[in-house]
Every structure is written in C-alpha cells, then in structure tokens.
Amino acid sequence: MIKKIFSYVFVIVIIVLSMQLVINFLKTEHDVNYTLTVNDENVEINERYEKKGKLNHYFLNINYQNNNYFFEIDNHFNKQKEIVKKINVAEFDDYLCISIDYINDYSSTPICSKDGNLYSYLTLKDKYDFSSMIKNNPLKDKSDTSTYSDITINKDYLSDNEIILIYNYKEIVKIKNDDIKQLKFSSYDDYKNTYGALVGEYYIIPKNNNTPEYSAYITYNLTTDVIKDIEIPNKMSKQLYINGIHDNKLYLFDKSKLIQYEVDPYNNTMNIVGTTEKDGVLYKDGELTNISVYELNNSTVTFSEDISEYSSITYDKIFALDKYAIYIKGNNFYKVYKEQLDKPILLFSDSNFKEVKVKEDEIYYIKEDTLYKYTEYGIVDLIKREEFKYNSKNIFDVYIKED
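The rules behind these values
Residues numbered from 1 in each chain as written. Predicted model: local features only at pLDDT ≥ 70, side-chain atom pairs only at ≥ 80, totals over all residues. Heavy atoms only, no water. Phe/Tyr/Trp six-rings, centres within 6.5 Å; stacked < 30°, edge-to-face > 60°. Helix = DSSP H or I, 4+ residues; strand = E, 2+ residues; numbered from the N terminus. Buried < 20%, exposed > 50% of the residue type's maximum accessible area, 1.4 Å probe, protein only. Core = buried A, V, L, I, M, F, W, Y, C linked by side-chain atoms within 4.5 Å. Contact = heavy atoms within 4.5 Å. Pairing = 2+ DSSP bridges.

Draft legend 1. Molecular detail of the packing of aromatic side chains. Considering all chains together, one arrives at 27 aromatic pairs under this definition. Centre to centre, the rings of Phe-59 and Phe-70 are 6.0 Å apart; their planes meet at 20°, and the pair counts as stacked. Of this pair, Phe-59 sits in strand S3 (residues 55-64) while Phe-70 sits in strand S4 (residues 67-74), and the two are eleven residues apart along the sequence. Looking at Phe-70, the relative accessible area reads 1%, which means it is buried.

Shown next, in the form of structure tokens:
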C-alpha cells in the first residue's frame, strides 16, 4: 500500500514538473513589480520579459529616489521572474548612479541621473571612479595586433561572433579575431565601393573585369566562406545606384537601361523587377509599394524603415533597432526606448566621426585613421588604416553571427 502511495505521489510530481516545463517553454512574456531595499530605502522595480521573434530579453525600469533608470539584458535566466539580486548605488557630486547585480552572476554597467537626465558611466568616467561598480569587464587594457596590407587590427577587441569587412580596392578583407581571408572581386583597383553590400550573412559585389558593363555579381557567404557567381539576366551598365535592402534582398537601379534588379544571395538569383513596362519595388517607411522606373530615374530613391515611433525626437541620424533606437544629435550619441521617449540615455560624445553603423548593442564609426567600436564597457580602436582619413564611404561593414 505504501509503495502504491509513493508511486502515485511520484507520478503526480512528474506530471506537475512536466507541466511547469511546458508552461515555461511556451511563456513569451511577463510583467512584474517588486522592491529591494537599498540604504534603508525601498527601490521599486518594474521587470518586463518579452520573447518575440529574435527578441528574448528583459527590460527593467528602476525607481530610486524619484529617479528612473532603464536597463535591459538578454534572457540568461530561463525566463525567471525577479532577476535583480542587488542594486549598487554611488553618488558623485550631483550625479546619482546605480548598477545591478542579477541572479546567475550577471551584472550591469552604471547609469547615472542628474536633473532628470540619464548618462552612461562612460560619459563621466574621466571625472569619477566607477571601479567598485564595474564587474566582469571583458575589455582588455591592451590588445595584440595583427596586420594585413596597410590594415592594423586589434584582434583581442573582436568578439568570437564578430566579423569586420574592409573594402580594399580589388578585394574585400574579412577579419575575425583569429583569421583573415580575402574575397577578390576585381582585376584592377577600384577606389570607391559603390555597389558592394552586406545582405544578411552574405557580402555581395559586382565582378569587375574592366569592361563597360557588369555581367555577374559575386556572393560571399561569411559563415561558410563559400563564393558563388550570380549571372545578371541583362548586363548592367555602370550607371547604377543602390535602392536598399529588404527581406534579405538587394535592390539596384540601372539608370542607363531603366531596369531595377533584385539580388537574392540566399537563392543565388538575380531578377529584373522593374522595367518601362512594369513598375519596380519601393520599400518606404516600412511599407512595400510599387514605383515606376521613371521615378527611380528622376532622383535617387532609397529604401527606409518605419521610424514613426520616434517622430517626437529631434536627431541628425537615427538607427531603429528591435529593443530601442540609437540616435545622434550633434556630437552626442543617445539610446532611447520606445516606451520612454522623453528619457534618452547619453551614451558618449565624440566629434569628426564618419560612416556610423549600429550592430546589435554596439556602435562603429571612423574617426581620422581609426575604426572605433563603442560597447557599454568602453570605446576601443578596432582597426587603424591611413586610407580611412581619405576614403570612408562604404569602406567597412560588420556582421554578427547568431549564437
């Protein structure tokens, strides 16, 4: 009898645990409020978890002394609730700064508040000592360098899943922290990279044989290093411009022949999508519509994402990502969340920068002879090259491999 009871209990426990696992697997969001005590004060925490598409992260709104601080972190916690274990506080003159210790030994960098404005600690690190609040800093003080041609690479500042692509006149140089490879696309030096583009995990560029027209595009798979040619259905003139990228396809317009092309590196195809007899493709403000080739010919028409959610912000340039937007105003770089448009975080300031790109949580830009990378732990000089001073347009790109 006792054995039967234990058997029943065991089965019930297994069923309950299985149900919990299934529920957790299917869970896509939660929104909880809780408090922690800091210096005998209650700190209010609103924690939101969301799993949607590629998004799988937590957003935290922390209220301390009537100041709101915003943090976000990827799901390292198996969708658990109440992931904040400890809040660290420091005060520097009029700046009130906090950082977070999460469960599972993760931690954040500090965010500071003054007069209702938010600042990353990088904007203040030259004035104040944040060492007690910084844990698990992955950046080294120095980096081993390697060289290729006139390119000097600080390879230790490259993460394992990060690939830098450098245009080098007749080849694309693929740089990883442990490897350098080349994609040759031209038989002679071509000073400017006018038609090369990163499309998903492919770099694609016309094959250049010093002829008046292009007859093939080259696709370079950055994850496998496989190189293929795509034949062009109707040879392209060199009076081209790029419309943009949509759904992992590149769109170009040939002004000489009044033809719009669609290059699909994933299916290794190139199709004519717009002619004088049928409208071409326009992706504007996040919507796919048609456009005549005559309109494409009258002006330079480029694709655009929907950034209407950030219409209340004044900016010089903006990059809308899944979790937030990065925008530039003057010499300042900001991060702003959709739900907190009136509370941007000043990440850092710089001047005379060019060719800014935003990938994942990092910002890349050229200044003088150096390609820099911003991370939440600091700004590092990734690559030095004298050519950057004179030629920066579309001269680099970044691919982040998915884990």
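Draft legend 2. Examining the nonpolar core more closely. Grouped together as the largest cluster of nonpolar side chains are 63 residues, with contacts concentrated most on Leu-60, Phe-130 and Ile-363. Excluding anything up to four places from it in sequence, Leu-60 contacts Tyr-34, Ile-45, Asn-46, Glu-47, Tyr-69, Phe-70, Phe-71, Ile-83, Val-84, Ile-100 and Tyr-102. Listed in part, the 32 residues of the second largest apolar core include Ile-153, Ile-164, Tyr-220 and Ile-400.

Draft legend 3. Highlighting the environment of Phe-353. When you line up the elements, Phe-353 lands in the loop between strand S27 (345-349) and strand S28 (354-359). The spatial distance from the C-alpha of Phe-353 to the C-alpha of Ser-299 is 28 Å, given a sequence separation of 54 residues.

Draft legend 4. Here's a closer look at the pairing of S27. With four of five residues buried, S27 is to be regarded as a mostly interior element. As paired strands, strand S8 (residues 117-120) and S27 are joined by two bridges and run parallel to one another. Bridge pairing in S27 places Tyr-119 opposite Leu-346. Note that strand S26 (residues 332-336) and S27 share four bridges and pair antiparallel. When the sheet's bridge partners are listed, Lys-335 is paired in S27 with Ile-345.

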